[in-house]
Amino acid sequence: MITVNIHVYGIVQGVGFRPFTSLAAAKHGIHGTVANKGSYVEIIAQGSREAIDGFISEFRSNPPDRAVILGLDELETEAPVFDSFEIIESEKEYGDIFISPDIATCDKCKAELFDKNNRRYLHPFINCTQCGPRLTILDSMPYDRERTSMKVFPMCENCMGEYYSPMTRRFDAQPVCCNDCGPELYIIGENTKGSAAITKTRRLIMSGGIAAVKGIGGFHLCCDAKNTEAVERLRKLKHRPMKPFAVMMRDMETVNRECIVAPGQEKYLTGWQKPIMLLEKSAEQSLSGRIAPDNLTVGVMLPYAPVQMLLFDYPDGIEMTDCLVMTSGNARGAPICRDDESAVKEIGSFCDLILSHNRNILIRADDSVVDWLCGKPYMIRRSRGFAPLPFMLKGDKTVQAVGIGGELKNSFCAARNGMLYPSPYIGDMADIRTVKALGESLERMLDMLECEPSVIVADKHPLYNTLSFAEEYAKKHSLPLVKLQHHYAHILSCMAENNYDGRVIGVSFDGTGYGDDGTVWGGELLISDWQGYERAGSITPFKQVGGDLSAKEGWRIAVQLLRQRFENAGEICEQLDLCDSKTFKLQSVMADKGLNTVASTSMGRVFDAVSAILGIRSASTFEGEASTALMYHAEMFERRKKEPAFSLSCSCTEEEDMLRLDTSSLAAETARRYLEGADRAELAFCFHKAVMELIAEACIRLRQQYGISTAALSGGVFQNRLLTRMTKEQLEANGFKVLLHSLVPPNDGGIALGQAAYAVKHRE
Ligand SMILES: [Zn+2]
Ligand SMILES: [Zn+2]
């Protein structure tokens, strides 16, 4: 018999963890104790080695629903002999830095919401110990009502009774309230409140109108997702011609009608985090075709706040749609609106009414967006429900640091006690309103976490607003500032998410990042560990002409790639309808004279260019449009379950001690085949396959050279689920261990984690 001391870290408080432990102990015949220790749970377990292993495996295979186990330490110890298993009641310990994300309304609360005999019947703010807003209403720690936006709503006697009674579902539930004492819904600018406000909103939506609705982490813009006219109007008003809208569906029955739900996805859709999931559209779907044009998938979420449930099911006799567009309520470039003033000013003109309420949102949290890869969630935007769930890292637990994040899809990340806390999604930093939002959220999060950073890490791009923000912040607080290369930060983010310590072949395929040589990087092979990196390879450099426009207009990139490989590129560009001869000449002159031109190895741009070459998208109205549409065509070909009739030749060459993946020849070959009449979808598929083969070939060569057989895939290009899946499979077939992202986005939304982790792990 042995005794082990087990520490379990993560979300293990207030989720029924101790009773679970006690049951598992009984099952495996373990004696000992379990106690809450603030930031972890401590278990003393006594039994045979075999029994203890079985006991521990329960935590990994079958933890309680809302628990998230980040780490588990096990140490053999000496202890007296126990003759039973006991739960030790502990004093509520403060100083444990745990902030819960917001939690979707639970099933029990939903049942009460629609129960005529319940005193919270139709109460738009119903919640309990297991559900409700958390992060978004929190002012400071410790988490209790006085430090949340509920402090202005004194509890009525009934609510107080529940709050103080350990026997109720609302014991110690900080946001508890009811129809007598809670916040109230109203329509801005008129005297319509409560039930009248909900009914008016429902009627408006069913007559084809657009409403702004305040939820948990900000406002949504909302209309009937089956009404193409309404959807079109929202697109015009929001200046958003093509980017897919997320749809909130009434229930799983609706989801199963509209979409194909893969095994494992339902658990995620209905879970407590309620992200937007990208689901494959079904053949029977009734959504407007303008919701997610040229996409195999549509972003779907279930209602997670009581007000959303009431929008679908209020008993007022209105026949309601079961699919609502729910898109973030923000002006282009600006962060999501969180108060009435900004809603009126920034999105007032996009909608016909604003349904608001008087519970303040203190921290913004957009909806999280999750794709699905190899049977697992694959994060696209990490925000509500996930932020600020921490990641645990082996490393120096004394370092406190902040990674400021990237310029696009910004989020930041705070490090404290070996835990890394990514913030909710902030937005694109080109807009000064978003920079301001970054400042606000950063102050608040650091306060809450009691984090006093001793170092700031930022992207080294000299023109990024995040860098000037970080410089100012560092100066104001007299802190050192580390400037980290963008694509290295991507790889570190992937290593941090996988808690990986060795060296990796980092495949960092991305849109744009500032390279060490001042050129644009984005198709990089970086031999990386926590101490630094070596640029062992990249795609073939090309000329990016036209500044910012070249990041949006793939045809410009295509022109330069074709010029690299064809004498008669001008003719080819005309035949492909990329541009006329006059434009071609102008583009050529600019490139040759270096006017508004930079050297680039951006893989994201190559995808844009091939999308243009195949006549799919010559330009993008939102980031990733051209490459997503290219993936859509490739996926359509894969659906036909036919082997492609040809493959595109491609090669890696060695050049000045660096590997070069010849993507220019690949693009040229794609163009040649297309002009010869090859099928567009087949070519799109073959292009993906060729890129995968290039990566595999490069990794095999680098393994020979460096003796490393672990590859990490990160960067915005790996949002492409087809490429990522094929690459993973190919690398694994060749004996590589492959590190992928799962709960941290591969795109720029993930780099803050890499930055903060660098501060924790890097040693001079
Ligand atoms: Zn509840
Ligand atoms: Zn009450």
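A short note on the overall build of the protein chain
In step 1: A count of helical and extended segments in the protein chain gives 23 helices and 31 strands.
In step 2: Computed over its C-alpha atoms, the radius of gyration of the protein chain comes to 27 Å, within 12% of the 27 Å expected for a compact globule of 764 residues.
In step 3: Taken along the three principal axes of its C-alpha coordinates, the protein chain extends 80 × 70 × 55 Å.
In step 4: The contacts of the protein chain with a sequence gap of at least 6 include a subset with a gap of at least 24, amounting to 73%.
In step 5: Within the structure as shown, the protein chain displays about 29,600 Å² of accessible surface, and the carbon and sulfur contribution to it stands at 49%.

Overview of the domain arrangement of the protein chain
In step 1: On domain assignment, one finds that the protein chain holds domain 1 (2–88), domain 2 (185–357), domain 3 (388–489 + 743–764) and domain 4 (520–528 + 535–739).
In step 2: Computed from C-alpha atoms alone, the centre-to-centre distance between domain 2 and domain 4 is 36 Å.
In step 3: Counting each side, the surface lost to burial between domain 2 and domain 4 is near 950 Å², with a carbon and sulfur contribution of 57%.
In step 4: Per-residue buried area on domain 2 facing domain 4 is highest for Met242, Asp294 and Leu296; these three make up 55% of the total on that side.
In step 5: There are two salt bridges connecting domain 2 and domain 4.
In step 6: For arginine 639, the salt bridge goes to glutamate 280, with nearest N and O atoms at 2.5 Å.

Some details on a negative patch on the surface
In step 1: Together, Glu443, Asp447, Glu450 and Glu452 make up a region of like negative charge exposed at the surface.
In step 2: By the element assignment, glutamate 443 lies in helix α11 (residues 432–449).
In step 3: Under the relative-accessibility criterion, glutamate 443 is labelled partly exposed at 42%.

Notes on the pairing of strand β16 (residues 376–381)
In step 1: In terms of burial, β16 is a largely internal element, five of the six residues being buried.
In step 2: With five bridges joining them, strand β15 (residues 369–373) and β16 adopt antiparallel strand pairing. Across the sheet, valine 370 pairs through a bridge with methionine 379, a residue of β16.

Section: the state of the cysteines
Working definition: the covalent bond between the sulfur atoms of two cysteines is a disulfide.
In step 1: Under the criterion given, the structure shown has zero disulfides.
In step 2: Unpaired in terms of disulfides, cysteine 177 finds its nearest cysteine sulfur in cysteine 181, a separation of 5.7 Å.
In step 3: Cysteine 699 supplies the cysteine sulfur nearest to cysteine 494, a cysteine that is in no disulfide, at a spacing of 12 Å.
In step 4: Looking at cysteine 494, the relative accessible area reads 0%, which means it is buried.

Some details on the side chain of aspartate 371
In step 1: Within the fold, aspartate 371 resides in strand β15.
In step 2: There is a polar contact of 2.8 Å between the side chain of aspartate 371 and the side chain of arginine 721.
In step 3: Every residue in contact with aspartate 371, bar those within four places of it in the chain, is listed here: Leu278, Lys376, Pro377, Tyr378, Ile380 and Arg721.

Focus: the sheet that holds strand β19 (residues 413–416)
In step 1: On the basis of which strands lie adjacent, the open sheet formed by six strands has the order β17-β20-β19-β18-β21-β22 and mixed pairing. Since the sheet does not close on itself, it has two edges, and those belong to β17 (391–392) and β22 (481–484), each with one partner.
In step 2: Where β19 and strand β20 (residues 419–422) come together, four bridges link them in antiparallel fashion. The partner of cysteine 413 across the bridge, within β20, is proline 422.
In step 3: Sitting on the sheet, helix α23 (residues 751–761) is in contact with β17, β18 (401–403), β19, β20, β21 (455–459) and β22, with an inclination near 140° to β21.

Digging into the coordination of the zinc ion (ligand 2)
In step 1: For the zinc ion (ligand 2), the full set of protein donor atoms is Cys156 (SG), Cys159 (SG), Cys178 (SG) and Cys181 (SG), at a range of 2.2 to 2.3 Å.
In step 2: Geometry at the zinc ion (ligand 2) is tetrahedral, judged from its four donor atoms and the angles of 104 to 115° they form at the metal.
In step 3: Here the donor residues for the zinc ion (ligand 2) map to a single chain with the spacing C-x2-C-x18-C-x2-C. Taken together, the residues cysteine 156 in the loop between α3 (107–113) and α4 (157–164) and cysteine 181 in the loop between α4 and β6 (185–187) connect sequence positions 25 residues apart. Neither cysteine 156 nor cysteine 181 differs from the other in exposure class; each is buried.

Describing the coordination of the zinc ion (ligand 1)
In step 1: Listed as protein donors to the zinc ion (ligand 1) are Cys106 (SG), Cys109 (SG), Cys128 (SG) and Cys131 (SG); their distances from the metal cover 2.3 Å.
In step 2: For the zinc ion (ligand 1), the four donor atoms in the first shell make angles of 105 to 115° at the metal, a pattern classed as tetrahedral.
In step 3: Donor residues for the zinc ion (ligand 1), ordered by position in the chain, follow C-x2-C-x18-C-x2-C.

Some remarks on the pairing of strand β1 (residues 2–11)
In step 1: In terms of burial, β1 is largely enclosed, as ten of its ten residues are buried.
In step 2: Pairing geometry for β1 and strand β3 (residues 40–47), over eight bridges, is antiparallel. Opposite threonine 3, over in β3, you have glutamine 46 as the bridge partner.
In step 3: As judged from the nine bridges shared by β1 and strand β4 (residues 68–77), these two strands associate in the antiparallel manner. Considered in β4, the bridge of asparagine 5 is made with leucine 75.

Things to note about unusual backbone geometry
In step 1: Note the cis peptide between alanine 387 and proline 388, where omega equals 0°.
In step 2: Mapped onto the secondary structure, proline 388 falls in the loop between β16 and β17.
In step 3: One non-glycine residue, leucine 122, lies in positive phi territory at about 60°.
In step 4: In this fold, leucine 122 is placed in the loop between α3 and α4.
In step 5: Although it is not a glycine, serine 478 adopts a positive phi angle of roughly 50°.
In step 6: Along the polypeptide, serine 478 turns up in the loop between α12 (465–476) and β22.
In step 7: For serine 478, a relative accessible area of 65% gives the class exposed.

Observations concerning the nonpolar core
What tends to happen in soluble globular proteins is that the nonpolar side chains get buried as a cluster.
In step 1: With 76 residues, the main nonpolar core has Phe509, Leu562, Leu578, Phe687 and Val691 as its most contacted residues.
In step 2: Sort the elements by how many residues they give to this core and helix α21 (residues 680–706) lands first, with 16 residues.
In step 3: If sequence neighbours within four positions are ignored, phenylalanine 687 has contacts with Val606, Phe607, Val610, Leu630, Leu648, Leu666 and Thr670.
In step 4: If you look at the next biggest cluster of nonpolar residues, it comprises 54 residues, including Leu113, Tyr163, Ile198 and Tyr314.

Observations regarding the packing of helix α18 (residues 603–613) against helix α20 (residues 663–675)
In step 1: The geometry of α18 relative to α20 is characterised by a closest axis approach of 10 Å and an angle of 10° between their N-to-C directions. Taken together, the axes of α18 and α20 lie roughly parallel to each other. Within the contact between the two elements, α18 uses Met603, Val606, Val610 and Ile613 and α20 uses Thr663, Ala667, Thr670, Ala671 and Tyr674.

Cut-off values and rules
- Residues numbered from 1 in each chain as written.
- Chains lettered and ligands numbered in written order.
- Predicted model: local features only at pLDDT ≥ 70, side-chain atom pairs only at ≥ 80, totals over all residues.
- Heavy atoms only, no water.
- Helix = DSSP H or I, 4+ residues; strand = E, 2+ residues; numbered from the N terminus.
- Rg over C-alpha atoms; globule rule 2.2 N^0.38 Å.
- Contact = heavy atoms within 4.5 Å.
- Areas by Shrake-Rupley, 256 points an atom, 1.4 Å probe, with all protein chains shown as cover.
- Domains from an automatic or database assignment.
- Buried area = accessible area lost by both parts, 1.4 Å probe.
- Salt bridge = Lys/Arg side-chain N within 4 Å of Asp/Glu carboxyl O.
- Patch = residues over 30% accessible without salt bridge, like charges linked within 9 Å, V, L, I, M, F, W, Y side chains within 5 Å.
- Lys, Arg positive; Asp, Glu negative; His and termini not counted.
- Charge placed at Lys NZ, Arg CZ, Asp CG, Glu CD.
- Buried < 20%, exposed > 50% of the residue type's maximum accessible area, 1.4 Å probe, protein only.
- Pairing = 2+ DSSP bridges.
- Disulfide = S-S within 2.5 Å.
- Polar contact = N/O pair within 3.5 Å; in protein donor to acceptor, adjacent residues only side chain to side chain.
- Axes fitted to C-alpha atoms, helices over the stretch in contact; angles between N-to-C directions.
- Donors = N, O, S within 2.8 Å, 3.2 Å for Na, K, Ca; no water.
- Tetrahedral: all angles 85-135°; square planar, octahedral: opposite > 155°, others 65-115°.
- Core = buried A, V, L, I, M, F, W, Y, C linked by side-chain atoms within 4.5 Å.
- Parallel < 35°, antiparallel > 145°, perpendicular 65-115°, else oblique.

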